[in-house]
2 protein chains.
Amino acid sequence: MRIGLLDRILEISSLLQLDMKHAFTGTSLTESRVHVLWVLHHSGPSTQQALAEALKVTPRTISALVDGLAASGYVQRRTHPSDRRAVLVTLMEDAERMMSKMAADHARLTTDLESVIDEADRPAFIRGVDAVAHRLRQLVHEEEVRYDTVGGSDLSLDEDSTA
Amino acid sequence: MRIGLLDRILEISSLLQLDMKHAFTGTSLTESRVHVLWVLHHSGPSTQQALAEALKVTPRTISALVDGLAASGYVQRRTHPSDRRAVLVTLMEDAERMMSKMAADHARLTTDLESVIDEADRPAFIRGVDAVAHRLRQLVHEEEVRYDTVGGSDLSLDEDSTA
DNA sequence: TATTGTTATACTCTATAACTATA
DNA sequence: TATAGTTATAGAGTATAACAATA
């Protein structure tokens, strides 16, 4: 067995990450901050709770990310119309324009990547990707259940402080 | 247009990352540290320079990662036989055993993921994955060249301090 | 002079815990 | 009592710059 499917996918993941990283070096943007902007662009003004769920991080982390984005003028915290505890993180106009450009780049890259796959292979390819994604969702979900009940893995040398 | 290829791949990436994260919560291991161990397991004792190249981070970052791994007993710094400036980061015996288990898990997951793809689709699927990986390598390489010469992107609101 | 790794410093992401204001 | 967000604190990853020891 040479290079397996998993290694190929991992390489693609790391290449995509590199691609993102390159796109933002020299700016105040980072992957996490862009992730916030991406959610705002697609969902509209959102509470920090909603952002925390979308990014799967704690609310505290969102506070820090929003601080950074606000300092650079990408977003603004606005008062929530009906809940005075909450805040609506809102994209500024320039940032909205920038995100539209980014979405266009995203669509362009999608087309680009699809175009390098032989047309005859595409349906099978998409089926395969969906099957893999579905299986991974299943596996991650199983782990989350196990994790919430017992937790931990046997892959480490660390002392097991469960005792 | 519904969900495009790129979004599907990005979802798979994030699921794989989650999967890794779950596997190591509760231990002193992290994705970066495991990456170091993985390289050591596959390449044998390595200088920190070599590790820096493999992980595409600065040597300084490797110092910190190796410090953490050494403190937990995963690796040891040994003297390089022919270059007294260099150090050979070496897997400890227990860690070596652990990495063999991890490699087995990795192989198992590869098989698992392959098995959910319809057998008739597999050849086309692999061709597609390879084509996409190849195209991404090309794109990242182009960016690296452009980045080394001019640098920066037009995707940000930050002041351009090139002036 | 160039290379290997370190110390010093700093920024970002992330988490938990305690707290404030509001529901 | 529960929820939204913050302050306080801490650990990890990362980077640049200056420096030591060795090639």
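Check the entry above for the structure.
Everything quoted here is computed from the prediction, not taken from an experiment.

> Can you tell me about the relation of the copies chain B and chain A, naming the residues and giving the values?
Least-squares fitting of chain B to chain A yields an RMSD of 0.1 Å, with the superposition described by an axial translation of 0.0 Å and a rotation of 180 degrees. The two molecules are tied by a two-fold rotation axis, judged by turn and shift. Looking at the rotation axis and the C-alpha trace of chain B, the residue lying nearest is Phe125 of chain B, at 2.2 Å. Residue by residue, 100% of the interface of chain B is reproduced at the interface of chain A, so both copies engage with the same surface.

> If you had to explain helix α3 (residues 48–55) of chain A to someone new, which residues and values would you point to?
Residue and element names in this part refer to chain A. Buried residues of α3: Gln48, Leu51, Ala52 and Leu55, and no others. All buried residues of α3 fall inside an arc of 100 degrees around its axis, so they share one side. Looking one or two residues beyond α3, the residue adopting positive phi is Lys56, at roughly 55 degrees.

> Help me get a handle on the protein's contact with DNA strand D, residues and values and all.
The immediate surroundings of DNA strand D are formed by 22 residues, with Gln49, Ser63 and Arg85 of chain A together with Thr30 and Arg84 of chain B found nearest. Interatomic distance of 2.7 Å between a backbone N/O atom of Arg84 of chain B and a phosphate oxygen of DNA strand D. At the level of secondary structure, the elements contributing two or more residues to the surface near DNA strand D comprise α3 and α4 (59–71) of chain A together with α2 (31–43) and α4 (59–71) of chain B. For the surface near DNA strand D, the element with the most residues is α4 of chain B, which contributes 4 residues. Classifying every residue of the surface near DNA strand D gives 5 nonpolar, 9 polar and 8 charged.

Parameters and conventions
Residues numbered from 1 in each chain as written. Chains lettered and ligands numbered in written order. Predicted model: local features only at pLDDT ≥ 70, side-chain atom pairs only at ≥ 80, totals over all residues. Heavy atoms only, no water. Least-squares fit on C-alpha atoms with pLDDT ≥ 70 in both. Contact = heavy atoms within 4.5 Å. Buried < 20%, exposed > 50% of the residue type's maximum accessible area, 1.4 Å probe, protein only. Helix = DSSP H or I, 4+ residues; strand = E, 2+ residues; numbered from the N terminus. Arc of directions from axis to C-beta. Near = heavy atom within 4 Å. Polar contact = N/O pair within 3.5 Å; in protein donor to acceptor, adjacent residues only side chain to side chain. Nonpolar A, V, L, I, M, F, W, Y, C, P; charged D, E, K, R; others polar.

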